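Summary of the model geometry
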Amino acid sequence: HGYTRRVLRAFNLLNEPPPSVPHILFSVRVRGLSPTGHKNVGRVIGNQNELENVLREGNLLSWETVNLATLTYHQQLVSMRRTNILIGVHGAGLQWVWFLADEAVLVEIHPSYRADRHFRTAARLAGKVYIPMRSIDDKISCVGSSDTLEPQVAVFRETVDAAVRVARQFNDGTVECGLVCDPLILGLDHFHDADYARTNTKPAQHRD
């Protein structure tokens, strides 16, 4: 981890505090929006809006959809350091797992035609939790050699729920629930009192 620490220290991000609630960065690729405009970007998500609707179901969490190709290196580094759940289709962008919050989850969406395990290894070496998801469908389409995937929404919801359930335990969290939490469960963790207004989550009465 020496390289990771050296880079984070150089950008004054080594001691960046972790997100107080699960923060999901949904990394997507957009055809035609590469830095040069010439790269044939593949593994584009065709039902991105449907998957984002799943993220909108969550409470006491935050999320953002990012096309990393539009950010500078420094902007990408800052975004990752403030993220504890990174979700994306198999690709080089998942190598950012090295610079996520100290406790974090990597969710890799595998296209149906690939069986690589590069990022499972990277996540383990980085000390992060790895959760795989297999996209099996017959809706893969192509523009030239650039493919479009449509991961199943139900499977995506189950996978995100598992990732959030893990992330809620980070930083000594005591919330035992996933994507959608009953406020009575959220109310058990006094640490989140300050987060209710920011995330529009109704607080529950604490049960001591």
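Just so we're clear, the structure is a prediction, and the values are computed from it rather than from any experiment. (Residues numbered from 1 in each chain as written. Predicted model: local features only at pLDDT ≥ 70, side-chain atom pairs only at ≥ 80, totals over all residues. Heavy atoms only, no water.)

**Points about helix α3 (residues 73-81)**
Stated formally: The cut-offs for exposure are 20% and 50% of the maximum accessible area for each residue type, with area from a 1.4 Å probe on protein chains only; residues under the lower value are buried, those over the upper are exposed, and the others partly exposed. Here a strand is any run of E in DSSP of at least two residues, a helix any run of H or I of at least four, and the numbering for each starts at the N terminus. Whether two residues are in contact is decided by their heavy atoms: any pair within 4.5 Å suffices.
Among all positions in α3, only Gln76, Leu77, Val78, Ser79, Met80 and Arg81 are buried. Of the surrounding elements, those touching the buried residues of α3 are α1 (2-10), β1 (23-27) and β4 (85-89).

**Things to note about the pattern of salt bridges**
To keep it simple, the criterion reads: Any Lys or Arg side-chain nitrogen located within 4 Å of an Asp or Glu carboxyl oxygen qualifies as a salt bridge.
Tallied over the full model, the rule gives four salt bridges. One salt bridge connects aspartate 102 with arginine 81, and the closest N-O pair in it is separated by 3.0 Å. Separated by 21 residues along the polypeptide, aspartate 102 in the loop between β4 and β5 (105-110) and arginine 81 in helix α3 bring together distant segments of the chain. For arginine 165, the salt bridge identified is with aspartate 161, shortest N-O distance 3.6 Å.

**Points about the layout of surface pockets**
The test is simple: Put plainly, a pocket is an open set of points on a 1 Å grid over the protein atoms alone with protein on both sides within 12 Å along at least five of seven lines, a cavity is a set where a 1.4 Å probe fits but cannot get out, and a lining residue has an atom within 4 Å of a point. Grid points are joined across faces, edges and corners, and a volume is the space filled by probe spheres set on the points. Gly is put with the polar residues, along with every residue not named as nonpolar or charged; the nonpolar set is Ala, Val, Leu, Ile, Met, Phe, Trp, Tyr, Cys and Pro, and the charged set is Asp, Glu, Lys and Arg.
Looking at the second largest pocket, its volume works out to about 190 Å³. In terms of lining residues, the second largest pocket is bounded by His1, Thr4, Arg5, Leu8, Leu14, Asn15, Arg81, Trp98, Leu100, Asp102, Ala126 and Lys128. Counting residues per element, the lining of the second largest pocket draws most heavily on α1, which supplies three residues. Among the residues forming the lining of the second largest pocket, the class breakdown is five nonpolar, three polar and four charged.

**Brief notes about the nonpolar core**
Quick reminder of the rule: By nonpolar core is meant a set of buried Ala, Val, Leu, Ile, Met, Phe, Trp, Tyr and Cys residues that side-chain atoms within 4.5 Å join together.
With 24 residues, the main nonpolar core has Ile85, Ile87, Phe156 and Val160 as its most contacted residues. Mapped by element, the contributors of at least two residues to this core are β1, α2 (48-56), β4, β5, β6 (129-134) and α5 (153-167). Per element, the largest residue contribution to this core is five residues, and it comes from α5. Discounting residues that sit within four places of it in the chain, isoleucine 87 has contacts with Ile24, Leu25, Phe26, Ser27, Val107, Ile109, Phe156 and Val160. Ranked by size, the runner-up nonpolar core spans 22 residues in total, among them Met80, Leu106, Phe119 and Ala123.

**Focus on the state of the cysteines**
To be explicit about the condition: The term disulfide is used for any two cysteine sulfur atoms that are within 2.5 Å.
Taken as a whole, this structure holds one disulfide when the rule is applied. Residue cysteine 177 pairs covalently with cysteine 181 via a disulfide, S to S 1.7 Å. In this structure, the disulfide formed by cysteine 177 and cysteine 181 twists by about 100 degrees around the S-S bond and is classed as right-handed. The class for cysteine 181 is buried, based on a relative accessible area of 3%.

**Thoughts on the environment of arginine 31**
Within the fold, arginine 31 resides in the loop between β1 and β2 (44-45). Among the residues examined, arginine 31 registers a relative accessible area of 32% and is labelled partly exposed. C-alpha separation for the pair arginine 31 and valine 44, spaced 13 residues apart in sequence, amounts to 7.0 Å.

Remember, this is a structural readout, not a statement about activity or role.
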